[in-house]
Structure formats: structure tokens, C-alpha cells
Amino acid sequence: MSHLTTETFDSNARAALVDTQLRGALRNATSLFGKRRLAAARGLENWEDLRTQARAIKDDVLLHLDRYLEEFVSNAEQRGAKVHWARDASEANQIVCDLARQQGVRNVVKSKSMVTEEIHLNDALQASGMEVIETDLGEYIIQLAGEAPSHIIVPAIHKTKGQIAELFTAKLGIEPTDDVDKLTSVARNVLRQRFANADLGISGVNFAVAETGTILILENEGNVRLTTSLPKVHIALMGIEKILPRFVDLDVFLKLLPRSGTGQQLTTYQSLITGTKRRPEDEGPEQLHIVLLDNGRSRMLAHPTTRQALACIRCGACLNACPVYQQIGGHAYGSVYPGPIGAVITPQLIGLGKASQLPYASSLCGACREVCPVKIDIPELLLHLRAEITDRKQEQEQAGGRRQEQAGGRRQEQEAGGSFKKRTGERFAFRLFAAVMTRPRTYEFSVKVGRLLQRSIVRRGKIGRVGGMLAQLAPPLGAWTNARDMRPIAESTFREQWRAGLRDDTDPGSDT
Amino acid sequence: MRVALFVTCLVDQMWPSVGVSTLEVLRRVGCTVEFDERQTCCGQPAFNTGYSAEARQLAERFIQMCEESEAEAIVSPSGSCTAMVHHYPALFDNAGDAQENHEWRRRARAVAERTFELSSFLVRVLKIDDVGARWPGRVTWHDACHALRDLNVHSEPRRLIGNVREAEFVELDNADSCCGFGGTFSVKYPEISVAILDQKIEAIEKAGVQAVVSGDASCLMQIGGRLSRKGSNVRAMHLAELLASR
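Treat the numbers as computed from the prediction; the structure is a model and nothing was measured. (Residues numbered from 1 in each chain as written. Chains lettered and ligands numbered in written order. Predicted model: local features only at pLDDT ≥ 70, side-chain atom pairs only at ≥ 80, totals over all residues. Heavy atoms only, no water.)

**Student:** Any chance you could explain the domain arrangement of chain A here in plain terms?
**Tutor:** Where interface size is given, it is often the accessible area lost as the parts come together that is meant. Once the domains are mapped, chain A shows domain 1 (56–302) and domain 2 (440–505). Relative to domain 2 of chain A, the C-alpha centre of domain 1 of chain A lies at a distance of 56 Å. (Domains from an automatic or database assignment.)

This is the structure in C-alpha cells:
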């Protein structure tokens, strides 16, 4: 499941839908997290105010990001941290691998970090000959399974207890058990040993405070504490959008993030790290490196509509609330960032062309917007991306058409036509739709034609499964009726009934 | 009150009884109802699929038509189409001439301000939550997403149903979760759409009702289509149909 691509979203999703274990696990977990989030949010009277406040802080950060970043870097370096800038994934990987090599690192412990997943840091470190181990339990599980996380905060959400037990038996050679405490303690024993031997700790960052140069990392297992304090070197990676201006802003975000993510009032641990240790008796690493990653973020920042996606604090609440994610899980999206926010961010990371299915993978129900702690209007962003996709199609079609004219060859024609066939059909359909809907008489005529055409397929007042030729001619009809009956066009439309007497019938008692 | 009925293209063609029922309810509560036969579609299918130029074309047409009506309110038996009209001003944010867009936004806002979904028109505007309906049986309510989240319609339909004589109302589990329709989503990703739908169907079956009521014909076609395919006896019913019964 870990090597699915975004381009094959449709077939990934179909495969997920027939995986009953996956769907069972998702159903339990997403509904549990959803309920906990709601209870936690209701526990605070000023929840809505906090959301508004958080968004205002984020908007300010994004508007003045250059200034806040400079302030953060200057304060962090004053306290002994070394800051590195990475334009993209390969630069970030290079920086980390070079640092590790300079320090003679062999064993790396990592705490959970989506940004390191985004740049595939583990692959880069392993290619450089280093041993890397994930120390968050969920991340450890999927690392053992050779998979990618399927949720922003619950990486192994797609796995059942039974599957994890089997995995541990196969990979760690333990006696088969489905006792969660036993499984956890097995993992703990393995990880403790790794911590003791580690010479580099790598973490992500939840928030970075410009005013003090502090980074904050939230967790529940204590593994972040160990990752960032035991090894002599700590490298923290963060997207450039993680900045908060003032220390006091943490108050707002510490109320929102744990509640939105896991439904906790607060995570078990909050590690606030400001620079390196000052005196020999202090705890913590001797070196702290902070890698600031752009990787498409400044491009998002430049656009007034997509900019708001950078306000995301990676709580995962929109995934749990999304009816599509609830059914297919995260792997089907073929992206590090799945679900509604993933459908918005992924096109910015890998290009809209490759990710063109994702903005359509939503019923636009708005549940994501409702739960978002920073009020990102995800449906609006999905609609914006859909409009961009259809614009792009138009450009490509025109470019394809020109190529055809110039080449004049049949082969080019087929190639260009083939790759855009479906989209051309859709565009044509919507042009036709607009042409019909702007002309009431044509609209009425088309209704009459539809009524004639449907005669052969209406049985007992409904249209059952439509297959064969007809489904090929009208794919939406086949797609709809495969599992759902369809209402036929009425014998007499509302406007026909209006003209036939409804207009003058003012007797409120009339029976319809 | 003088009211213009925006029946929606879906109801007009596929479910005219919803339009007839809406008309009857509005007349029963004392409205004078007009119906402009030039109306077609609000443009939502095009807009939601990414064809904003086509959507804008239909929006301009709808705005012009509404401006010619002197009705105090434009009422529709659809939360989704009403939400689309409320979304019109945003259609004029980008493409085209700035001055022209500014003017269109002003006109779009004026139309949006007097466009209402049926239940919120009855309860919020007319302050009526009992329309004298009678329907013997057990019913439940499905919150259509756009009515719920774009128009904040939640208590209005429940109050109206609560006052239907002989009807017993039960809350649906996860009444506010999507039915999986989502416009073209329902045919672009039919398997996902139906997987989402089946959770709704499960909740409806658990509720043990004679009818599942909602405020949007689109959700009801999705829910009703699956109920019918499964041979269920539960009826998918529009709020207008329930309120027109007596």
C-alpha cells in the first residue's frame, strides 16, 4: 500500500473499499477521534473565539513571514542553535545527511514528523549508510511494515490490533499475542535500546516562536523527549509556516491542537526547546540544528487563495471528519498529506497535473471546514483548484490542437486526443449544459427528448441498472445506476403542471 | 407576502411533486406565489466541477431574472441551490473587468439577501413553525450539507416536523453526515459515493422509520435510489411533501 501514487487515486480508492479490515479500522478510529474532538471543543466556552484568534495570528504570520522568520533565526542562533535553509526536499536531505556524516553518525532515532515524510528523509539517510528508527509507536509499526503513514497524527490508523500483532510476530519474533500492553512493551524494549545507542536525534516542530527562538514539539509517548535530549546532536526540521510571533500565542494553539487532533485537553508532553545546553550540568544535546524547509510553500504563500492552506497546524481533524477519508483511508491519496487538507496541499507539492484527481475526491460537504481549528475554508480551496484544473485543461487542449495542426500526422492526433479525451468530453458537456440552461425553450425541448429517450429503460417508475452500450454512451448513467436506482424525468414537469392550471389554482386545500 | 418560487431544475424535471407541495405550503401560509417560467438551473453543477465561466453565465442570467421580480422573497425547496445563489458574489471576484465585477457583486448580494431555503423562510422570516400538516407515521431527518453548513439550517426543519400531526420524529444517527451525493462526485467516484451512502442507509434502517425526510431533492435521489435498489419500504420524502400532507 505504501507505493500508491496520486495519479491512480481512483483505482487506489476502489482497492481500499474492498479491504474490509481497513474499513473496519477506519470506521472505529475516525468516529472515536471525531467524538473526542467534539467533546473537547465543547469543553471550552470560547472555542469559536479561539479559532478566530488562531486564524488571525496565522494570517499575520503569513503576511509578514519574512520578518518573523528573520526574528526566529536570530533568536534561535543567539541561544546556540544553528539554522539551515532548504529550498526543496533534496536540499533538506542533503543538509541533514551532510551534518550526520560530519558528526560520524551511525544510529539515528526519529520522532514522528510529517515534514520528514514529505521529503523522504529516511530513504536519504539509509542511502547514506545510516540506521534510522522511528520511535513513535505508530510510526514504528508502519516502519516495520514498510508502509507510509496513512494519517497526519495517527500513522497506523489503518491497521487493526490483530494486524499489528501479526506484524510483531513476523518481524520481532515474539509469541503471538493480541494483548496491547504486551505489544507496547515489546516495542518499548526495542526502542529503549536504540535510544541508548543513538548518536543523532531527528524531530519535527509543531510551533516555532519568533520572539524567543523556541521550538515546541507535542507528543504523548515520551519519545520526543528522549529523541531531543539523549543523543549529542538534535536536528529539527520544520516547514517555514510553523512560526508564531509571540510566546503567548502558544496559549491559543496549545488549546486548539491537542483538542482537535486527539481530543485531549493537552498532550502528555510538551517539549519547549530554546537553543543548546548552556552549562555542562544542563540536559540536552550539544548541538541543535534547525532546518527550515520551503518545498513549494513560498509558492502557496504568493497566491491569495491558496495562502490560507499554510495556516494548517496538522491536527488531522479534517481527515477524521471527511466522509471520503472515512471510507478509503490515507494511502489511496498516494500522498504524505491525505484527506481534505492533503487534497489541497498535495497539488502544490507535486504539481496540479499529477494530483488532478484529488480536488475532485470530495463531496464538498464542508465537514472539514467545520472542524478546522484555524478555519481553513477547504471546500473553497478545492473549488479553486477544480477551476484551475479546467483552465489548465483548456490550455493543454489548445496546445495539443496546435501541435496537431503543425504535425498533421494521424499518430500525434491520436496521442493528443487520447490523453485529453475524457476532459474534452466533460468540457463539451458543460458548454452544452450552459447553452441549454440559458435558453428556457431549449431546456424544455431537451426535457422532452430525455423523456422519449428514457422510455426503453424506465421500469415501474424507475431506472434500474444500465449497462452495455447505453452505459458506454452515457457513462454517468452507468455510474449512477450500478448501485442506485434513478428517478426518471417526470411525465409532467413542474412548469408543465404550472401552465396546465397550478398557476390559477389557489385553493390551499387541493390534494396533490 | 409576495414570493417568487425558485423550484430548481432538478425538482422541475425529476421530482415535480416537491415543487407542487412547496407551492401548496406557501399558499397555505398566505403567500402569493409567482413562478417565472424562464428559470432553469442556478449553475451549481458547472461551478462545483470547476467550470466557473459557465457557472457565471448562469448566475448572471438568474440575477437578471430575479431583479425583474418584485417579490419580497425568492424561496426554494433546496438548501444546495439556495447556497449556490448565496455564493454568487464570489463568482465575480476574479476574471473580467474590475468595475463590472464590483457591480455584479452588488447585484448578486441583493438577490442573495432575499433568497431563502423553504424551512428557514417559514421559520425565520414568516415565524411559522406549524403549517397545519398531518402525516401518520415515524419519520427522521437527514441534514443536507449545504443547508446545514452554508445556511445554518438545523432547528428549523425539526421544529416544522415536530408540529406535523400524528408524525413521530426520531433523530437519525449522524444526521449531519454527508449522504455521499456531492453532485458530479456521485458519478466521478460512484464507489466512494455509495460507500458513504451505505452508512446513511444503515442509520436510516436502524431508525425504523416509514420515511426519511430532507430538504434537498439531490440528497433524496441519492438516498432514495439506494433504498429502492435494496427493496426497502422506507420512503425518501422531501420536507415540502411532508408539510403539504394533511
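Read on, since the account is not over.
**Student:** Looking at this model, I keep getting lost on the packing of aromatic side chains. Mind explaining?
**Tutor:** The geometry of two aromatic rings is summed up by the distance between their centres and the angle between their planes. Under the definition given, this model contains 16 aromatic pairs over all chains. Here A:Phe9 and B:Tyr189 contribute two aromatic rings whose centre-to-centre distance is 5.3 Å and whose plane-to-plane angle is 90°, an arrangement assigned as edge-to-face. Separated into two different chains, A:Phe9 in helix α1 (residues 9–17) and B:Tyr189 in the loop between α10 (185–188) and α11 (190–207) make up a pair that spans both. For A:Phe9, a relative accessible area of 0% corresponds to the buried category. By relative accessible area, which is 7% here, B:Tyr189 ends up buried. Residue placement shows A:Arg67 over the ring face of A:Tyr68; its charged tip is 5.1 Å from the ring centre. Over the aromatic face of A:Tyr360 sits the side chain of B:Lys188, whose NZ or CZ is 4.4 Å from the ring centroid. (Phe/Tyr/Trp six-rings, centres within 6.5 Å; stacked < 30°, edge-to-face > 60°. Helix = DSSP H or I, 4+ residues; strand = E, 2+ residues; numbered from the N terminus. Buried < 20%, exposed > 50% of the residue type's maximum accessible area, 1.4 Å probe, protein only. Lys NZ or Arg CZ within 6 Å of the ring centre and 35° of its normal.)

**Student:** Can you help me understand the domain arrangement of chain B in this one?
**Tutor:** Residues and elements named next belong to chain B. Segmenting chain B into domains produces domain 1 (2–123) and domain 2 (130–244). Its C-alpha centre places domain 1 at a distance of 22 Å from the equivalent point of domain 2. At the junction of the two partners, domain 1 supplies 28 residues and domain 2 supplies 27 residues. Taking both partners together, domain 1 and domain 2 bury about 2100 Å²; carbon and sulfur atoms supply 71% of that area. (Contact = heavy atoms within 4.5 Å. Buried area = accessible area lost by both parts, 1.4 Å probe.)

**Student:** Hey, could you run me through the sheet that holds strand β3 (residues 73–76) of chain B in this one?
**Tutor:** Hydrogen bonding along the main chain pairs the strands of a sheet, whether they run parallel or antiparallel. Residues and elements named next belong to chain B. Pairing in this open sheet of four strands is parallel, and the strands run β2-β1-β3-β4 from one edge to the other. Two strands in the sheet have a free side with no partner beyond their single neighbour: β2 (32–34) and β4 (115–117). Here the average twist between neighbouring strands, direction ignored, is 35°. The sheet contact formed by β3 and β4 spans three bridges and is parallel. Residue pairing in the sheet places Val75 in a bridge with Phe116 of β4. Strand contacts of helix α7 (residues 118–125): β1 (2–5), β3 and β4, with the helix running at about 105° to β4, the strand carrying the most contacts. (Pairing = 2+ DSSP bridges. Axes fitted to C-alpha atoms, helices over the stretch in contact; angles between N-to-C directions.)

**Student:** I tried to follow the interface of chain A and chain B on my own but got confused; where do I start?
**Tutor:** Taken together, the 69 residues of chain A in the interface contact 65 residues of chain B. Together, the buried faces of chain A and chain B total about 6000 Å²; carbon and sulfur atoms form 58% of this surface. In terms of surface lost to chain B, no three residues of chain A exceed A:Arg484, A:Arg487 and A:Phe494, which account for 13% of the buried area on that side. Linking chain A to chain B there are eight salt bridges. In this structure, A:Arg495 and B:Asp12 form a salt bridge, with 2.9 Å as the shortest nitrogen-oxygen distance. Inspection of the chain A/chain B interface yields 35 residue pairs in polar contact (both at pLDDT 80 or more). With eight residues, the single largest contributor to the side of chain A that touches chain B is helix α19 (residues 410–437) of chain A. Considering only residue class, the side of chain A that touches chain B consists of 31 nonpolar, 17 polar and 21 charged. (Salt bridge = Lys/Arg side-chain N within 4 Å of Asp/Glu carboxyl O. Polar contact = N/O pair within 3.5 Å; in protein donor to acceptor, adjacent residues only side chain to side chain. Nonpolar A, V, L, I, M, F, W, Y, C, P; charged D, E, K, R; others polar.)

**Student:** I tried to follow the packing of helix α20 (residues 440–453) of chain A against helix α23 (residues 494–502) of chain A on my own but got confused; where do I start?
**Tutor:** The geometry of a pair of packed helices is captured by two quantities: the angle between their axes and the separation between those axes. Residues and elements named next belong to chain A. Two elements in contact, α20 and α23, have axes separated by 11 Å at closest approach and are oriented at 110°. Here α23 runs roughly perpendicular to α20, going by the angle between their axes. Contact residues: α20 offers Tyr443, Glu444, Lys448 and Arg451, while α23 offers Arg495, Glu496 and Arg499. Looking at the contact of α20 with α23 residue by residue, the classes come out as one nonpolar, no polar and six charged. (Parallel < 35°, antiparallel > 145°, perpendicular 65-115°, else oblique.)

**Student:** Explain a nonpolar patch on the surface to me, please; I cannot follow it from the model alone.
**Tutor:** Residues A:Phe445, A:Val449 and A:Leu453 make up a contiguous nonpolar surface patch of roughly 320 Å² in combined accessible area. Structurally, A:Val449 can be placed in helix α20. (Patch = residues over 30% accessible without salt bridge, like charges linked within 9 Å, V, L, I, M, F, W, Y side chains within 5 Å. Areas by Shrake-Rupley, 256 points an atom, 1.4 Å probe, with all protein chains shown as cover.)

**Student:** Mind showing me how you'd approach unusual backbone geometry here?
**Tutor:** Residues and elements named next belong to chain A. For His120, which is not glycine, the phi dihedral falls at a positive 55°. With respect to the element layout, His120 can be found in the loop between α6 (114–118) and α7 (121–127). On the accessibility criterion, His120 (46% relative accessible area) is partly exposed. The residue Arg460 is not glycine, and still its phi comes out positive at about 45°. Examined against the element boundaries, Arg460 turns out to sit in the loop between β11 (458–459) and β12 (462–463). In this structure Arg460 comes out as exposed when scored by relative accessible area, which is 83%.

**Student:** I keep staring at the state of the cysteines and nothing clicks. Help me out?
**Tutor:** Among covalent bonds in proteins, the disulfide is the one between the sulfur atoms of two cysteines. Residues and elements named next belong to chain B. Applying the stated rule across the entire model yields zero disulfides over all chains. With no disulfide of its own, Cys41 lies closest to Cys9 among cysteine sulfurs, the gap being 3.9 Å. Of all cysteine sulfurs, the one in Cys42 lies closest to Cys81, which takes part in no disulfide; the gap is 4.2 Å. (Disulfide = S-S within 2.5 Å.)

**Student:** What am I meant to see in empty space enclosed by the protein here?
**Tutor:** The probe, sized like a water molecule, is rolled over the atoms to show the empty space still left. Residue and element names in this part refer to chain A. Summed over all chains, the structure comprises six cavities of 30 Å³ or more. Broken down by secondary-structure element, the contributors of at least two residues to the lining of the largest cavity are α15 (323–328), α16 (339–350), α17 (367–371) and α18 (378–407). At three residues, α16 tops the list of elements feeding residues into the lining of the largest cavity. Counted by class, the lining of the largest cavity contains 14 nonpolar, four polar and no charged residues. The space that makes up the second largest cavity amounts to roughly 100 Å³. Forming the boundary of the second largest cavity are 16 residues, of which Cys312, Cys315, Cys318, Cys372 and Pro373 lie nearest the centre. Sort the elements by how many residues they give to the lining of the second largest cavity and helix α14 (residues 317–321) lands first, with three residues. Classifying every residue of the lining of the second largest cavity gives 14 nonpolar, one polar and one charged. (1 Å grid on protein atoms, 1.4 Å probe; cavity = no way out; pocket = protein on both sides within 12 Å on 5 of 7 lines; lining within 4 Å. Points joined across faces, edges and corners; volume = space filled by probe spheres on them.)

**Student:** What exactly am I supposed to notice about the environment of A:Lys255 here?
**Tutor:** Take A:Lys255: it is sitting in helix α12 (residues 249–261). In this structure, the C-alpha to C-alpha distance between A:Lys255 and A:Leu50, residues 205 residues apart in sequence, is 8.2 Å.

**Student:** How should I be thinking about helix α4 (residues 65–78) of chain A in this particular structure?
**Tutor:** Structural remark: α-helix, 3.6 residues per turn; residues separated by three or four positions point the same way. Residues and elements named next belong to chain A. An ideal rise of 1.5 Å per residue puts 20 Å on 14 residues; α4 measures up with 20 Å between its terminal C-alpha atoms. Looking at α4, one finds that the buried residues are Leu65, Tyr68, Leu69, Phe72, Val73, Asn75 and Ala76. In the stretch just after α4, Gly80 is the one whose phi turns positive, near 105°. (Expected span 1.5 Å × (residues − 1).)

**Student:** Got a minute to help me understand the nonpolar core in this structure?
**Tutor:** Proteins that are soluble and globular tend to have nonpolar side chains buried together. One finds A:Phe9, A:Phe72, A:Ile243, A:Ile328, B:Tyr88 and B:Ile192 to be the most contacted residues of the largest nonpolar core, which totals 208 residues. Examining the composition of this core, we find that eight residues originate from one element, α11(B), more than from any other. Ignoring sequence-local partners within four residues, the contact set of A:Phe9 consists of A:Ile328, A:Ala332, A:Tyr333, A:Gln357, A:Leu358, A:Ala361, B:Tyr189 and B:Ile192. Counting residues in hydrophobic clusters, the runner-up holds 24 residues, among them A:Ala89, A:Leu99, A:Val115 and A:Val291. (Core = buried A, V, L, I, M, F, W, Y, C linked by side-chain atoms within 4.5 Å.)

**Student:** In this structure, what is going on with the sheet that holds strand β5 (residues 134–141) of chain B? I would like to understand it.
**Tutor:** Residues and elements named next belong to chain B. An order of β6-β5-β7-β8 is seen for the four strands of this open sheet, with the pairing classed as parallel. Strand pairing shows two members of the sheet lacking a second neighbour, β6 (165–170) and β8 (235–238), which therefore form its edges. For this sheet, the mean inter-axis angle between neighbouring strands, taken without regard to orientation, is 35°. Pairing geometry for β5 and strand β7 (residues 211–214), over three bridges, is parallel. By the bridge assignment for β7, Val139 is matched with Ala211. Relative to the sheet, helix α12 (residues 217–229) contacts β7 and β8, its axis offset from that of β8 by approximately 170°.

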